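Analysis of the macromolecular model
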Amino acid sequence: MQTNTFKKPVLGVFGVLAVIGVACWIYQLANGLAVTGMSNANSWGLYICMFMLFVGLSAGGLIVASSAHVFGIDKFKTVAKPAVICSTACICVAGMLVLVDLGGIAKVWRMLTGPNFMSPLLWDMCIITIYLVINILDLVWMQKGDEDKVRKLSYVALPVAILVHSVTAWIFGLQIARAWYTAIMAPIFVASALDSGLALLLLGLLLLDKVNIAKFDNSLMASLGKLLATFIAVDAYFVACELLTMAYPGAGETVALSEMLTGATAPFFWFEIIGGLLVPFVILAITKNREKRGIIVLASVLVVLGVACKRVWLLFTSFIHPNVYGGPGIASGTFDAQQNPADMWMLLGSYAPTFVEILVVIGVVSVGVLIFMILSNKLIAGEGASSAHTTKTSE
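Residues numbered from 1 in each chain as written. Predicted model: local features only at pLDDT ≥ 70, side-chain atom pairs only at ≥ 80, totals over all residues. Heavy atoms only, no water.

Thoughts on the overall build of the protein chain
- A count of helical and extended segments in the protein chain gives 14 helices and 2 strands.
- Within the protein chain, the fraction of its 395 residues that count as buried is 48%.
- The long-range fraction of contacts in the protein chain, counting pairs at least 24 apart against all pairs at least 6 apart in sequence, stands at 79%.
- Summed over its atoms, the accessible surface of the protein chain is roughly 18,400 Å², and 70% of this surface lies on carbon and sulfur atoms. (Helix = DSSP H or I, 4+ residues; strand = E, 2+ residues; numbered from the N terminus. Buried < 20%, exposed > 50% of the residue type's maximum accessible area, 1.4 Å probe, protein only. Contact = heavy atoms within 4.5 Å. Areas by Shrake-Rupley, 256 points an atom, 1.4 Å probe, with all protein chains shown as cover.)

Concerning the side chain of Glu242
- Secondary-structure assignment places Glu242 in helix α9 (residues 218–247).
- Side-chain polar atoms of Glu242 contact the side chain of Thr182, separated by 3.3 Å.
- For Glu242, the contacting residues outside a window of four places in its chain are Thr182, Ile184, Ile188 and Glu253. (Polar contact = N/O pair within 3.5 Å; in protein donor to acceptor, adjacent residues only side chain to side chain.)

Let's talk about the packing of aromatic side chains
- All told, the structure shown has 11 aromatic pairs when counted by the stated rule.
- Plain terms: the ring middles of Trp44 and Trp180 are 6.1 Å apart, the flat faces sit at 25° to each other, and that makes the pair stacked. Of this pair, Trp44 sits in the loop between α1 (8–31) and α2 (46–70) while Trp180 is found in the loop between α7 (147–173) and α8 (185–210), placing the two residues 136 residues apart along the sequence.
- In this structure Trp44 comes out as buried when scored by relative accessible area, which is 18%. (Phe/Tyr/Trp six-rings, centres within 6.5 Å; stacked < 30°, edge-to-face > 60°.)

So, unusual backbone geometry
- Located in the positive-phi region is Asn212, a residue other than glycine, with phi close to 65°.
- Checked against the element boundaries, Asn212 lands in the loop between α8 and α9.

A few points about the environment of Ala83
- With respect to the secondary-structure elements, Ala83 resides in helix α4 (residues 80–101).
- Given the relative accessible area of 0%, Ala83 is considered buried.
- Sequence-wise, Ala83 and Val64 are 19 residues apart; in three dimensions their C-alpha atoms are separated by 7.1 Å.
- If we ignore the near neighbours within four places in the chain, the residues touching Ala83 are Gly61, Ala65 and Leu201.

Describing the state of the cysteines
- Enumeration over the complete set of coordinates arrives at 0 disulfides.
- Cys86 provides the cysteine sulfur closest to Cys90, a residue in no disulfide bond, and the two sulfurs are 4.4 Å apart.
- Judged by its relative accessible area of 5%, Cys90 falls in the buried class.
- Unpaired in this structure, Cys309 has its nearest cysteine sulfur neighbour in Cys49, at a distance of 9.0 Å.
- We classify Cys309 as buried; its relative accessible area is 13%. (Disulfide = S-S within 2.5 Å.)

Concerning the pattern of salt bridges
- All chains considered together, the criterion is met by 8 salt bridges.
- For the salt bridge of Lys310 with Asp235, the shortest nitrogen-to-oxygen distance reads 2.6 Å. Of this pair, Lys310 sits in helix α12 (residues 293–320) while Asp235 sits in helix α9, placing them 75 residues apart in sequence. The residues Lys310 and Asp235 share a single accessibility class, namely buried.
- Three or more residues are tied together by salt bridges with common partners; here these are Asp148, Arg151 and Lys152. (Salt bridge = Lys/Arg side-chain N within 4 Å of Asp/Glu carboxyl O.)

Remarks on a nonpolar patch on the surface
- Nonpolar side chains collect at one region of the surface, where Leu261, Trp270, Ile274, Leu278, Val279, Phe281 and Val282 lie side by side and expose about 580 Å² of accessible area between them.
- Counting residues per element, the nonpolar patch draws most heavily on helix α11 (residues 266–285), at 6 residues.
- Along the polypeptide, Ile274 turns up in helix α11. (Patch = residues over 30% accessible without salt bridge, like charges linked within 9 Å, V, L, I, M, F, W, Y side chains within 5 Å.)

Section: α2
- Spanning 25 residues, α2 covers 36 Å between terminal C-alpha atoms, matching the ideal 36 Å at 1.5 Å per step.
- Positioned one or two residues after α2, Gly72 has a phi angle of 65°, which is positive. (Expected span 1.5 Å × (residues − 1).)

With respect to the confidence of the model for the protein chain
- When pLDDT is averaged across the protein chain, the result is 85; 88% of the residues are at 70 or more.
- Taken together, the stretch residues 385–395 has pLDDT below 50 and engages in 2 contacts with residues farther than four places along the chain or on a different chain. (pLDDT = per-residue confidence, 0-100.)

Describing the packing of α9 against α12
- With their axes 11 Å apart at the nearest point, α9 and α12 run at an angle of 30° to one another. In this view, α9 runs roughly parallel relative to α12, as classed from their interaxial angle. The two elements α9 and α12 cross, and the hand of that crossing is left-handed. From α9, Asn218, Met221, Leu228, Ile232, Asp235 and Val239 reach across to α12, where they touch Arg293, Ile296, Ser300, Val303 and Lys310.
- Taken together, the residues of the contact of α9 with α12 break down into 6 nonpolar, 2 polar and 3 charged. (Axes fitted to C-alpha atoms, helices over the stretch in contact; angles between N-to-C directions. Parallel < 35°, antiparallel > 145°, perpendicular 65-115°, else oblique. Left-handed = near helix turned anticlockwise from the far one by under 90°. Nonpolar A, V, L, I, M, F, W, Y, C, P; charged D, E, K, R; others polar.)

A closer look at the side chain of Ser376
- With respect to the helices and strands, the residue Ser376 is situated in helix α14 (residues 355–394).
- Since its relative accessible area comes to 0%, Ser376 is described here as buried.
- The contacts of Ser376, once residues within four sequence positions are left out, are Phe6, Ile85, Leu208, Ile213 and Ala381.

Section: the environment of Ala381
- Secondary-structure assignment places Ala381 in helix α14.
- Looking at Ala381, the relative accessible area reads 1%, which means it is buried.
- Sequence separation between Ala381 and Leu208 is 173 residues; the distance between their C-alpha atoms is 9.2 Å.

Re the packing of α7 against α8
- One way to put it is that α7 packs onto α8 with a least axis distance of 8 Å and a crossing angle of 135°. In this view, α7 runs oblique relative to α8, as classed from their interaxial angle. Both α7 and α8 take part in a crossing whose hand is right-handed. Counting all contacts with α7, which are made through Ile162, His165, Ser166, Thr168, Ala169, Trp170, Phe172 and Gly173, the residues of α8 involved are Met185, Ala186, Phe189, Val190, Ser192 and Ala193.
- Grouping the constituent residues of the contact of α7 with α8 by class yields 9 nonpolar, 5 polar and no charged.

This is the structure we're talking about:
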């Protein structure tokens, strides 16, 4: 079987974007986090928002790959390697986004010498590291064809994949001072990881098929599309449960809910509900649509964009109204405040990513795309070419 690879010019474009991102990150290190749109009122911004997205995208891929072996779904085993490659690329992006969000990265080693085991941030660092190791082992053993080790590892990988996004959710859900304080936060994160991760995997598979690196039949795509529709329904159910709890009289979250429904984060909320949940579910619920690759691409793109919007309204809604009572407000800590003391105090949180932040994120994501393309060239296209060579030799 003749296979193609991702070409050097394509790799070069993403390489250039990655270098630009590194340059902007160095500029940020030299000038501090004040070059970003973050402030004391909005201590998390685009970096953490994208971190949440890519952790979920990564978890979804490994869950699909592990389920193929744990539950004996043979037809899903054909996508196990691309799923793990996609998962590996996404978890690398997530880890890099955490590092670029740190103002003093030179002291990151202190997490090893003085860990605070009460902090969910430490839990996240540990589980992401374990998760990356599992992905690497999975790829190595798949490449060697050691099916027994892959099967055994899947029994560990599946709960770890669920746990990696649960721990990310606990970073938010265990904060009493924010509107995130809810026991259902982890299930919401896991549900969105399932649909967004599977949607990204579908896009990756269709891309590999399009460029002739690997071939996947329509029946497999239809089965994955049906599974995606199920995951979307579960995600929508958990979101509805959370909204009902927030809206119930006496819940104390009416301010945050009003911002989500009609305020600053409303466009992101409604796009997720309509464009990221309702529309793709209706599309994929129709059997004939799941047999059309263009329709699957549309539904998958909408799901990923919808989950990205969920990360935006989930994160930033809680920063709009700081939990501070009395006094002049919160010291903003921005460059503008240094130049004009009148701009020092903030009563409402406001955030918009700067050009530096956007370029850094583009650079980090470009590294993830390069990881996916290079591993696909080596482990999938190379495998096909090796198989073709063996067949030709035997003839």
